[in-house]
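Take a look at the letters that make up each chain.
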Amino acid sequence: MADTFGALLRQTRTAAGISLGELAKRINYSKGHLSKIENDVARPNAMFAKLCDRELGTGGTLATALAAPPSPAVPAGPVAGDDGVWIMELDGTGEVRVSEVPRRQILAGAGAMLGLALAGGRRPEIDERTFEVLRATFDQHRALGTMASPRVVLAPVIAHLHTLRALAAENPEPMRAELLQLASRVAEYAGWMSQEAGQETAALRWTDRAVGYAAAGRDPHLASFAQFRRAEIALYQHDPVRTVGLARLAQDDPAAGPRILGLAARVEAQGHALAGDVAAYQRALDRAADLLATRDPGTGPVLGSSSVDDEVSLVRGWALYDVGRPREAAEILDRQVAAIPLRARRARTRFDARRALAHAVAGDVDQACTVTRGLLADAVQVDSATIRLDLAELTRTLRRWHTSPAVRELLPDLVMTVNAR
(Lines give C-alpha, C1' and ligand atoms only; values in the text may rest on other atoms or scores of the structure.)
Protein backbone atom coordinates (compact mmCIF):
# COMPACT_ATOMS: atom_id res chain seq x y z
CA MET A 1 0.00 0.00 0.00
CA ALA A 2 1.27 3.51 -0.81
CA ASP A 3 2.77 5.14 2.26
CA THR A 4 2.60 8.79 1.10
CA PHE A 5 -0.09 10.89 -0.53
CA GLY A 6 2.05 11.36 -3.64
CA ALA A 7 2.59 7.64 -4.04
CA LEU A 8 -1.12 6.98 -3.56
CA LEU A 9 -2.00 9.58 -6.17
CA ARG A 10 0.40 8.09 -8.69
CA GLN A 11 -0.90 4.60 -7.94
CA THR A 12 -4.57 5.54 -8.40
CA ARG A 13 -3.86 7.66 -11.48
CA THR A 14 -1.95 4.83 -13.14
CA ALA A 15 -4.69 2.34 -12.24
CA ALA A 16 -7.25 4.64 -13.87
CA GLY A 17 -5.15 4.79 -17.05
CA ILE A 18 -4.86 8.60 -16.98
CA SER A 19 -1.62 10.34 -17.82
CA LEU A 20 -0.08 13.02 -15.63
CA GLY A 21 -0.76 15.67 -18.27
CA GLU A 22 -4.38 14.60 -18.76
CA LEU A 23 -5.14 14.70 -15.04
CA ALA A 24 -3.49 18.11 -14.75
CA LYS A 25 -5.67 19.39 -17.57
CA ARG A 26 -8.85 18.01 -16.02
CA ILE A 27 -8.30 19.61 -12.62
CA ASN A 28 -6.80 22.89 -13.91
CA TYR A 29 -3.35 22.43 -12.38
CA SER A 30 -0.01 22.57 -14.16
CA LYS A 31 1.67 19.28 -15.05
CA GLY A 32 4.79 20.42 -13.21
CA HIS A 33 2.91 21.10 -9.97
CA LEU A 34 1.11 17.76 -10.21
CA SER A 35 4.47 16.05 -10.64
CA LYS A 36 5.77 17.77 -7.51
CA ILE A 37 2.78 16.48 -5.54
CA GLU A 38 3.23 12.92 -6.82
CA ASN A 39 6.87 13.10 -5.77
CA ASP A 40 5.92 14.53 -2.34
CA VAL A 41 7.83 17.73 -3.04
CA ALA A 42 4.69 19.90 -2.80
CA ARG A 43 1.81 19.37 -0.38
CA PRO A 44 -1.71 19.47 -1.85
CA ASN A 45 -4.77 21.08 -0.27
CA ALA A 46 -8.12 19.44 0.43
CA MET A 47 -9.74 20.76 -2.75
CA PHE A 48 -6.94 19.27 -4.88
CA ALA A 49 -7.58 15.84 -3.32
CA LYS A 50 -11.33 16.11 -3.91
CA LEU A 51 -10.86 17.11 -7.54
CA CYS A 52 -8.55 14.13 -8.09
CA ASP A 53 -10.99 11.79 -6.34
CA ARG A 54 -13.71 12.96 -8.69
CA GLU A 55 -11.65 12.57 -11.89
CA LEU A 56 -10.08 9.23 -10.86
CA GLY A 57 -13.29 7.75 -9.42
CA THR A 58 -11.61 6.90 -6.12
CA GLY A 59 -14.62 7.59 -3.90
CA GLY A 60 -12.91 9.95 -1.48
CA THR A 61 -9.77 7.83 -0.94
CA LEU A 62 -7.38 10.68 -1.64
CA ALA A 63 -9.30 13.23 0.45
CA THR A 64 -9.35 10.77 3.37
CA ALA A 65 -5.62 10.11 3.02
CA LEU A 66 -4.89 13.82 3.04
CA ALA A 67 -7.21 14.65 5.96
CA ALA A 68 -5.43 17.11 8.20
CA PRO A 69 -6.27 17.85 11.83
CA PRO A 70 -9.01 20.49 12.20
CA SER A 71 -8.07 24.15 12.38
CA PRO A 72 -7.63 25.24 15.99
CA ALA A 73 -10.12 27.60 17.53
CA VAL A 74 -8.98 31.18 17.95
CA PRO A 75 -7.09 31.15 21.25
CA ALA A 76 -8.64 32.83 24.25
CA GLY A 77 -6.80 35.64 25.96
CA PRO A 78 -7.49 38.00 28.84
CA VAL A 79 -11.18 38.85 28.90
CA ALA A 80 -12.04 42.40 29.83
CA GLY A 81 -15.01 42.35 32.20
CA ASP A 82 -18.16 41.03 30.54
CA ASP A 83 -17.06 40.95 26.92
CA GLY A 84 -13.50 40.19 25.87
CA VAL A 85 -13.14 41.15 22.20
CA TRP A 86 -10.70 39.52 19.79
CA ILE A 87 -10.08 40.10 16.07
CA MET A 88 -8.85 37.41 13.65
CA GLU A 89 -6.89 38.76 10.66
CA LEU A 90 -5.64 36.93 7.57
CA ASP A 91 -2.45 37.88 5.81
CA GLY A 92 -1.88 37.36 2.10
CA THR A 93 -0.93 33.69 2.63
CA GLY A 94 -3.98 32.90 4.71
CA GLU A 95 -2.15 32.86 8.07
CA VAL A 96 -4.18 33.92 11.11
CA ARG A 97 -3.26 36.77 13.43
CA VAL A 98 -5.18 37.50 16.62
CA SER A 99 -5.37 40.86 18.37
CA GLU A 100 -7.48 42.46 21.06
CA VAL A 101 -9.97 45.25 20.32
CA PRO A 102 -9.84 48.33 22.60
CA ARG A 103 -12.22 48.16 25.54
CA ARG A 104 -14.19 51.22 24.45
CA GLN A 105 -16.57 48.99 22.50
CA ILE A 106 -17.81 47.59 25.79
CA LEU A 107 -18.45 50.94 27.48
CA ALA A 108 -21.76 51.57 25.72
CA GLY A 109 -23.21 48.43 27.28
CA ALA A 110 -22.00 49.31 30.75
CA GLY A 111 -23.32 52.83 30.26
CA ALA A 112 -26.79 51.54 29.46
CA MET A 113 -27.02 49.76 32.82
CA LEU A 114 -25.47 52.68 34.68
CA GLY A 115 -27.92 55.07 33.05
CA LEU A 116 -30.88 53.08 34.38
CA ALA A 117 -29.37 53.11 37.86
CA LEU A 118 -28.65 56.85 37.85
CA ALA A 119 -32.11 57.75 36.59
CA GLY A 120 -33.48 56.77 39.99
CA GLY A 121 -37.20 57.08 40.87
CA ARG A 122 -39.68 54.25 40.52
CA ARG A 123 -38.73 51.27 38.43
CA PRO A 124 -39.38 51.52 34.68
CA GLU A 125 -42.49 49.50 33.90
CA ILE A 126 -42.59 48.27 30.31
CA ASP A 127 -45.89 47.79 28.52
CA GLU A 128 -46.48 46.01 25.20
CA ARG A 129 -46.18 49.13 23.07
CA THR A 130 -42.84 50.02 24.66
CA PHE A 131 -41.71 46.42 24.24
CA GLU A 132 -42.49 46.59 20.51
CA VAL A 133 -40.20 49.60 20.21
CA LEU A 134 -37.43 47.66 22.00
CA ARG A 135 -37.94 44.83 19.56
CA ALA A 136 -37.95 47.24 16.60
CA THR A 137 -34.63 48.63 17.85
CA PHE A 138 -33.18 45.15 17.60
CA ASP A 139 -34.60 44.81 14.08
CA GLN A 140 -32.75 48.00 13.17
CA HIS A 141 -29.50 46.59 14.53
CA ARG A 142 -30.01 43.47 12.42
CA ALA A 143 -30.64 45.60 9.35
CA LEU A 144 -27.42 47.48 10.03
CA GLY A 145 -25.62 44.16 10.34
CA THR A 146 -26.53 43.21 6.78
CA MET A 147 -24.70 46.28 5.49
CA ALA A 148 -21.89 47.29 7.84
CA SER A 149 -18.85 46.01 9.70
CA PRO A 150 -19.58 43.96 12.84
CA ARG A 151 -17.41 46.45 14.69
CA VAL A 152 -20.08 49.06 13.95
CA VAL A 153 -22.89 46.76 15.07
CA LEU A 154 -21.50 45.07 18.18
CA ALA A 155 -21.37 48.09 20.50
CA PRO A 156 -25.05 49.12 20.11
CA VAL A 157 -26.17 45.47 20.18
CA ILE A 158 -24.34 44.85 23.45
CA ALA A 159 -25.75 48.09 24.90
CA HIS A 160 -29.27 47.01 23.89
CA LEU A 161 -28.74 43.63 25.51
CA HIS A 162 -27.67 45.19 28.79
CA THR A 163 -30.72 47.45 28.71
CA LEU A 164 -33.04 44.47 28.20
CA ARG A 165 -31.35 42.52 30.96
CA ALA A 166 -31.67 45.45 33.39
CA LEU A 167 -35.33 46.00 32.47
CA ALA A 168 -36.07 42.29 32.94
CA ALA A 169 -34.73 42.52 36.49
CA GLU A 170 -37.07 45.48 37.18
CA ASN A 171 -40.32 44.12 35.70
CA PRO A 172 -42.74 41.43 36.87
CA GLU A 173 -44.09 38.54 34.83
CA PRO A 174 -45.17 38.14 32.10
CA MET A 175 -43.17 41.14 30.81
CA ARG A 176 -40.02 39.81 32.46
CA ALA A 177 -40.20 36.66 30.34
CA GLU A 178 -40.78 38.64 27.15
CA LEU A 179 -37.78 40.85 27.87
CA LEU A 180 -35.56 37.84 28.60
CA GLN A 181 -36.65 36.07 25.43
CA LEU A 182 -35.80 39.16 23.41
CA ALA A 183 -32.49 39.42 25.29
CA SER A 184 -31.74 35.84 24.25
CA ARG A 185 -32.21 36.74 20.59
CA VAL A 186 -30.00 39.81 20.98
CA ALA A 187 -27.28 37.76 22.71
CA GLU A 188 -27.45 35.15 19.92
CA TYR A 189 -27.04 37.93 17.36
CA ALA A 190 -24.08 39.33 19.31
CA GLY A 191 -22.57 35.86 18.99
CA TRP A 192 -23.02 35.86 15.23
CA MET A 193 -21.55 39.34 14.85
CA SER A 194 -18.64 38.29 17.07
CA GLN A 195 -17.98 35.37 14.73
CA GLU A 196 -18.12 37.74 11.77
CA ALA A 197 -15.52 39.88 13.53
CA GLY A 198 -13.30 36.82 13.98
CA GLN A 199 -14.02 36.59 17.72
CA GLU A 200 -14.84 32.89 17.96
CA THR A 201 -14.33 32.64 21.73
CA ALA A 202 -16.70 35.57 22.28
CA ALA A 203 -19.17 34.07 19.80
CA LEU A 204 -19.39 30.87 21.83
CA ARG A 205 -19.71 32.81 25.08
CA TRP A 206 -22.58 34.96 23.76
CA THR A 207 -24.29 31.83 22.49
CA ASP A 208 -24.12 30.27 25.94
CA ARG A 209 -25.58 33.42 27.46
CA ALA A 210 -28.38 33.42 24.91
CA VAL A 211 -29.35 29.94 26.10
CA GLY A 212 -29.35 31.13 29.71
CA TYR A 213 -31.58 34.12 28.98
CA ALA A 214 -33.95 31.96 26.94
CA ALA A 215 -34.26 29.39 29.72
CA ALA A 216 -34.98 32.13 32.24
CA GLY A 217 -37.62 33.44 29.85
CA ARG A 218 -39.20 29.96 29.56
CA ASP A 219 -37.97 29.34 26.00
CA PRO A 220 -36.00 26.07 26.33
CA HIS A 221 -35.53 25.42 22.61
CA LEU A 222 -32.78 27.98 22.10
CA ALA A 223 -30.39 25.34 23.47
CA SER A 224 -30.93 23.41 20.22
CA PHE A 225 -30.26 26.57 18.23
CA ALA A 226 -27.05 27.07 20.22
CA GLN A 227 -25.82 23.68 19.05
CA PHE A 228 -26.51 24.78 15.48
CA ARG A 229 -24.44 27.92 16.03
CA ARG A 230 -21.57 25.86 17.48
CA ALA A 231 -21.80 23.63 14.42
CA GLU A 232 -21.52 26.71 12.16
CA ILE A 233 -18.38 27.83 13.97
CA ALA A 234 -16.90 24.33 13.55
CA LEU A 235 -17.76 24.49 9.84
CA TYR A 236 -15.72 27.67 9.40
CA GLN A 237 -12.88 25.96 11.28
CA HIS A 238 -13.02 23.28 8.54
CA ASP A 239 -13.85 20.55 11.07
CA PRO A 240 -16.48 18.30 9.41
CA VAL A 241 -16.65 15.77 12.24
CA ARG A 242 -17.55 18.34 14.90
CA THR A 243 -19.85 20.16 12.45
CA VAL A 244 -21.93 17.05 11.80
CA GLY A 245 -21.89 15.94 15.45
CA LEU A 246 -23.08 19.29 16.81
CA ALA A 247 -25.68 19.65 14.04
CA ARG A 248 -27.13 16.27 14.95
CA LEU A 249 -27.26 17.25 18.61
CA ALA A 250 -29.28 20.29 17.58
CA GLN A 251 -31.80 17.98 15.92
CA ASP A 252 -32.26 15.78 18.99
CA ASP A 253 -35.17 17.94 20.19
CA PRO A 254 -38.02 17.49 17.66
CA ALA A 255 -40.06 20.09 19.58
CA ALA A 256 -37.51 22.79 18.73
CA GLY A 257 -39.56 23.74 15.69
CA PRO A 258 -38.98 23.45 11.96
CA ARG A 259 -36.80 26.58 11.71
CA ILE A 260 -34.17 25.36 14.18
CA LEU A 261 -34.32 21.77 12.91
CA GLY A 262 -34.03 22.96 9.31
CA LEU A 263 -31.02 25.17 10.04
CA ALA A 264 -29.36 22.29 11.88
CA ALA A 265 -30.01 19.90 8.98
CA ARG A 266 -28.59 22.50 6.60
CA VAL A 267 -25.32 22.86 8.48
CA GLU A 268 -25.14 19.08 8.86
CA ALA A 269 -25.33 18.88 5.05
CA GLN A 270 -22.47 21.38 4.78
CA GLY A 271 -20.42 19.29 7.21
CA HIS A 272 -20.97 16.16 5.12
CA ALA A 273 -19.99 18.09 2.00
CA LEU A 274 -16.80 19.29 3.69
CA ALA A 275 -16.02 15.63 4.46
CA GLY A 276 -16.74 14.67 0.84
CA ASP A 277 -19.74 12.44 1.69
CA VAL A 278 -22.05 13.29 -1.21
CA ALA A 279 -24.88 10.90 -0.31
CA ALA A 280 -25.10 12.08 3.32
CA TYR A 281 -24.88 15.71 2.18
CA GLN A 282 -27.81 15.25 -0.20
CA ARG A 283 -30.00 13.50 2.40
CA ALA A 284 -29.39 16.18 5.01
CA LEU A 285 -29.98 19.03 2.56
CA ASP A 286 -33.24 17.49 1.33
CA ARG A 287 -34.37 17.25 4.95
CA ALA A 288 -33.37 20.89 5.51
CA ALA A 289 -35.37 21.98 2.45
CA ASP A 290 -38.52 20.27 3.76
CA LEU A 291 -38.16 21.73 7.25
CA LEU A 292 -37.32 25.28 6.16
CA ALA A 293 -40.29 25.28 3.80
CA THR A 294 -42.57 24.65 6.80
CA ARG A 295 -44.12 27.73 8.33
CA ASP A 296 -42.78 28.15 11.85
CA PRO A 297 -45.51 29.39 14.22
CA GLY A 298 -42.94 30.80 16.61
CA THR A 299 -43.06 34.46 17.58
CA GLY A 300 -40.22 36.88 17.99
CA PRO A 301 -37.29 37.74 15.72
CA VAL A 302 -36.43 35.05 13.16
CA LEU A 303 -33.52 32.90 14.27
CA GLY A 304 -30.60 32.80 11.86
CA SER A 305 -30.21 34.83 8.69
CA SER A 306 -33.42 36.37 7.38
CA SER A 307 -31.93 38.31 4.45
CA VAL A 308 -32.24 35.59 1.78
CA ASP A 309 -35.35 33.72 0.69
CA ASP A 310 -33.88 30.49 -0.72
CA GLU A 311 -30.94 29.66 1.50
CA VAL A 312 -31.12 25.95 0.63
CA SER A 313 -30.35 26.56 -3.05
CA LEU A 314 -27.50 28.87 -2.10
CA VAL A 315 -26.10 26.29 0.29
CA ARG A 316 -26.44 23.64 -2.43
CA GLY A 317 -24.09 25.69 -4.61
CA TRP A 318 -21.78 26.32 -1.64
CA ALA A 319 -21.60 22.63 -0.75
CA LEU A 320 -21.07 21.38 -4.31
CA TYR A 321 -17.80 23.30 -4.25
CA ASP A 322 -16.81 21.49 -1.04
CA VAL A 323 -17.48 18.04 -2.56
CA GLY A 324 -15.19 18.85 -5.49
CA ARG A 325 -17.74 19.87 -8.13
CA PRO A 326 -16.79 23.54 -8.63
CA ARG A 327 -18.30 23.97 -12.11
CA GLU A 328 -21.74 22.83 -10.93
CA ALA A 329 -21.35 25.02 -7.84
CA ALA A 330 -20.56 28.06 -10.00
CA GLU A 331 -23.59 27.46 -12.25
CA ILE A 332 -25.96 27.32 -9.26
CA LEU A 333 -24.41 30.31 -7.52
CA ASP A 334 -24.51 32.38 -10.73
CA ARG A 335 -28.30 31.99 -10.70
CA GLN A 336 -28.96 32.20 -6.98
CA VAL A 337 -26.70 35.13 -6.04
CA ALA A 338 -28.50 37.30 -8.58
CA ALA A 339 -31.70 36.83 -6.55
CA ILE A 340 -30.18 38.09 -3.26
CA PRO A 341 -31.45 41.64 -2.56
CA LEU A 342 -28.83 44.36 -2.85
CA ARG A 343 -29.68 45.46 0.70
CA ALA A 344 -28.46 42.04 1.95
CA ARG A 345 -24.87 43.11 1.36
CA ARG A 346 -23.30 40.64 3.81
CA ALA A 347 -25.09 37.59 2.39
CA ARG A 348 -24.52 38.66 -1.20
CA THR A 349 -20.80 39.18 -0.60
CA ARG A 350 -20.48 35.86 1.24
CA PHE A 351 -21.95 33.85 -1.63
CA ASP A 352 -20.26 35.95 -4.30
CA ALA A 353 -16.89 35.11 -2.72
CA ARG A 354 -17.72 31.40 -2.87
CA ARG A 355 -19.00 31.89 -6.44
CA ALA A 356 -15.70 33.50 -7.50
CA LEU A 357 -13.77 30.69 -5.82
CA ALA A 358 -15.85 28.05 -7.64
CA HIS A 359 -15.19 29.72 -11.00
CA ALA A 360 -11.47 29.94 -10.26
CA VAL A 361 -11.11 26.29 -9.27
CA ALA A 362 -13.15 25.29 -12.33
CA GLY A 363 -10.63 27.13 -14.49
CA ASP A 364 -12.91 30.04 -15.48
CA VAL A 365 -10.28 32.56 -14.49
CA ASP A 366 -11.63 35.61 -16.31
CA GLN A 367 -15.11 35.08 -14.84
CA ALA A 368 -13.61 34.55 -11.38
CA CYS A 369 -11.78 37.88 -11.72
CA THR A 370 -14.95 39.64 -12.92
CA VAL A 371 -16.99 38.35 -9.96
CA THR A 372 -14.19 39.20 -7.52
CA ARG A 373 -13.79 42.73 -8.83
CA GLY A 374 -17.52 43.29 -8.27
CA LEU A 375 -17.46 42.19 -4.61
CA LEU A 376 -14.34 43.92 -3.27
CA ALA A 377 -15.98 47.19 -2.23
CA ASP A 378 -18.78 45.37 -0.39
CA ALA A 379 -16.27 43.01 1.25
CA VAL A 380 -14.52 46.03 2.79
CA GLN A 381 -17.84 47.41 4.03
CA VAL A 382 -19.11 44.21 5.70
CA ASP A 383 -15.63 43.48 7.11
CA SER A 384 -16.32 39.75 7.62
CA ALA A 385 -13.69 37.34 8.95
CA THR A 386 -15.62 34.38 7.52
CA ILE A 387 -15.78 35.95 4.04
CA ARG A 388 -12.06 36.71 4.19
CA LEU A 389 -11.40 32.97 4.62
CA ASP A 390 -12.80 32.33 1.13
CA LEU A 391 -11.06 35.40 -0.27
CA ALA A 392 -7.73 34.17 1.12
CA GLU A 393 -8.32 30.79 -0.55
CA LEU A 394 -9.28 32.62 -3.74
CA THR A 395 -6.00 34.54 -3.59
CA ARG A 396 -4.00 31.32 -3.37
CA THR A 397 -6.00 29.78 -6.22
CA LEU A 398 -5.67 32.74 -8.59
CA ARG A 399 -1.91 32.85 -8.06
CA ARG A 400 -1.73 29.65 -10.09
CA TRP A 401 -2.64 31.86 -13.08
CA HIS A 402 -0.25 34.68 -12.17
CA THR A 403 0.61 35.24 -15.84
CA SER A 404 -3.01 36.13 -16.67
CA PRO A 405 -3.42 39.90 -17.21
CA ALA A 406 -6.78 39.84 -15.37
CA VAL A 407 -5.19 38.10 -12.37
CA ARG A 408 -2.17 40.41 -12.31
CA GLU A 409 -4.47 43.43 -12.30
CA LEU A 410 -6.77 42.03 -9.61
CA LEU A 411 -4.35 40.48 -7.09
CA PRO A 412 -3.07 43.68 -5.41
CA ASP A 413 -6.62 44.84 -4.64
CA LEU A 414 -7.69 41.35 -3.57
CA VAL A 415 -4.75 40.98 -1.17
CA MET A 416 -5.46 44.44 0.23
CA THR A 417 -9.08 43.44 0.85
CA VAL A 418 -8.06 40.22 2.59
CA ASN A 419 -5.78 42.22 4.88
CA ALA A 420 -8.15 45.18 5.35
CA ARG A 421 -8.98 45.97 8.94
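Residues numbered from 1 in each chain as written. Predicted model: local features only at pLDDT ≥ 70, side-chain atom pairs only at ≥ 80, totals over all residues. Heavy atoms only, no water.

Some points on the overall build of the protein chain
No. 1: Helix and strand content of the protein chain: 20 helices and two strands.
No. 2: Out of the 421 residues belonging to the protein chain, those deemed buried represent 53%.
No. 3: Within the protein chain, residue pairs in contact and separated by at least 24 positions form 68% of the contacts whose partners lie at least 6 positions apart.
No. 4: Carbon and sulfur atoms provide 55% of the accessible area of the protein chain, an area that totals close to 18400 Å². (Helix = DSSP H or I, 4+ residues; strand = E, 2+ residues; numbered from the N terminus. Buried < 20%, exposed > 50% of the residue type's maximum accessible area, 1.4 Å probe, protein only. Contact = heavy atoms within 4.5 Å. Areas by Shrake-Rupley, 256 points an atom, 1.4 Å probe, with all protein chains shown as cover.)

Side note on the packing of aromatic side chains
No. 1: By the definition in use, this model includes seven aromatic pairs.
No. 2: Look at Tyr 29 and Phe 48: their rings are 5.0 Å apart centre to centre, the planes differ by 85°, and that puts the pair in the edge-to-face class. Of this pair, Tyr 29 sits in the loop between helix H2 (20-27) and helix H3 (31-38) while Phe 48 sits in helix H4 (residues 46-56), and the two are 19 residues apart along the sequence.
No. 3: Judged by its relative accessible area of 1%, Phe 48 falls in the buried class.
No. 4: Ring geometry for Trp 318 against Phe 351: centres 5.6 Å apart, planes inclined by 75°, an arrangement best described as edge-to-face. On the criterion of sequence distance, the pair formed by Trp 318 in helix H15 (residues 311-322) and Phe 351 in helix H17 (residues 345-361) is long-range, its members being 33 residues apart.
No. 5: Given the relative accessible area of 5%, Trp 318 is considered buried. (Phe/Tyr/Trp six-rings, centres within 6.5 Å; stacked < 30°, edge-to-face > 60°.)

Details of the packing of helix H11 (residues 222-236) against helix H12 (residues 240-250)
For any two helices packed against each other, the geometry is given by the interaxial angle and the distance between the axes.
No. 1: Put simply, H11 and H12 touch, their axes get as near as 8 Å, and they point 170° apart. It follows that H11 is roughly antiparallel to H12 by the angle criterion. Contacts between H11 and H12 involve Ser 224, Gln 227, Phe 228, Arg 230, Ala 231, Ala 234 and Leu 235 from the first element and Arg 242, Thr 243, Leu 246, Ala 247, Leu 249 and Ala 250 from the second.
No. 2: Partitioned by chemical class, the residues of the contact of H11 with H12 number eight nonpolar, three polar and two charged. (Axes fitted to C-alpha atoms, helices over the stretch in contact; angles between N-to-C directions. Parallel < 35°, antiparallel > 145°, perpendicular 65-115°, else oblique. Nonpolar A, V, L, I, M, F, W, Y, C, P; charged D, E, K, R; others polar.)

Brief notes about helix H7 (residues 128-145)
No. 1: A rise of 1.5 Å per residue sets the reference length of H7, with its 18 residues, at 26 Å; its end C-alpha atoms lie 26 Å apart and thus fit the reference within 8%.
No. 2: Buried within H7 are the following residues: Phe 131, Leu 134, Phe 138, His 141, Arg 142 and Gly 145. Axial view of H7: buried residues confined to an arc of 100°, hence all on one face. Away from its buried face by more than 90 degrees, H7 exposes Arg 129, Val 133 and Gln 140.
No. 3: Buried residues belonging to H7 abut helix H8 (150-170), helix H9 (175-196) and H17. (Expected span 1.5 Å × (residues − 1). Arc of directions from axis to C-beta.)

Points about the confidence of the model for the protein chain
No. 1: In this model, the protein chain carries a mean pLDDT of 85, and residues with pLDDT of at least 70 account for 83%.
No. 2: Averaged pLDDT values over the elements of the protein chain bottom out at 37 in strand E1 (residues 86-90) and peak at 97 in helix H18 (residues 365-382).
No. 3: Contacts from residues 69-110, a stretch scored under 50 in pLDDT, to residues over four places away or in other chains number 96 contacts. (pLDDT = per-residue confidence, 0-100.)

A few points about the nonpolar core
No. 1: In this structure, Leu 9, Phe 48, Leu 391, Leu 398 and Leu 414 are the most contacted members of the largest nonpolar core, which totals 58 residues.
No. 2: Ranked by residues supplied to this core, first place goes to H18 with eight residues.
No. 3: Core analysis: the next-biggest nonpolar cluster, separate from the first, contains 44 residues, Leu 134, Leu 180, Leu 235 and Ala 247 among them. (Core = buried A, V, L, I, M, F, W, Y, C linked by side-chain atoms within 4.5 Å.)

Things to note about the packing of helix H13 (residues 258-275) against H15
No. 1: Axis separation between H13 and H15 bottoms out at 8 Å; the angle between their running directions is 15°. In this view, H13 runs roughly parallel relative to H15, as classed from their interaxial angle. Seen along the crossing, H13 lies across H15 with a hand that is right-handed. Within the contact between the two elements, H13 uses Arg 259, Leu 263, Arg 266, Gln 270, Ala 273 and Leu 274 and H15 uses Glu 311, Val 315, Trp 318, Ala 319 and Asp 322.
No. 2: Per-class residue counts for the contact of H13 with H15 are six nonpolar, one polar and four charged. (Left-handed = near helix turned anticlockwise from the far one by under 90°.)

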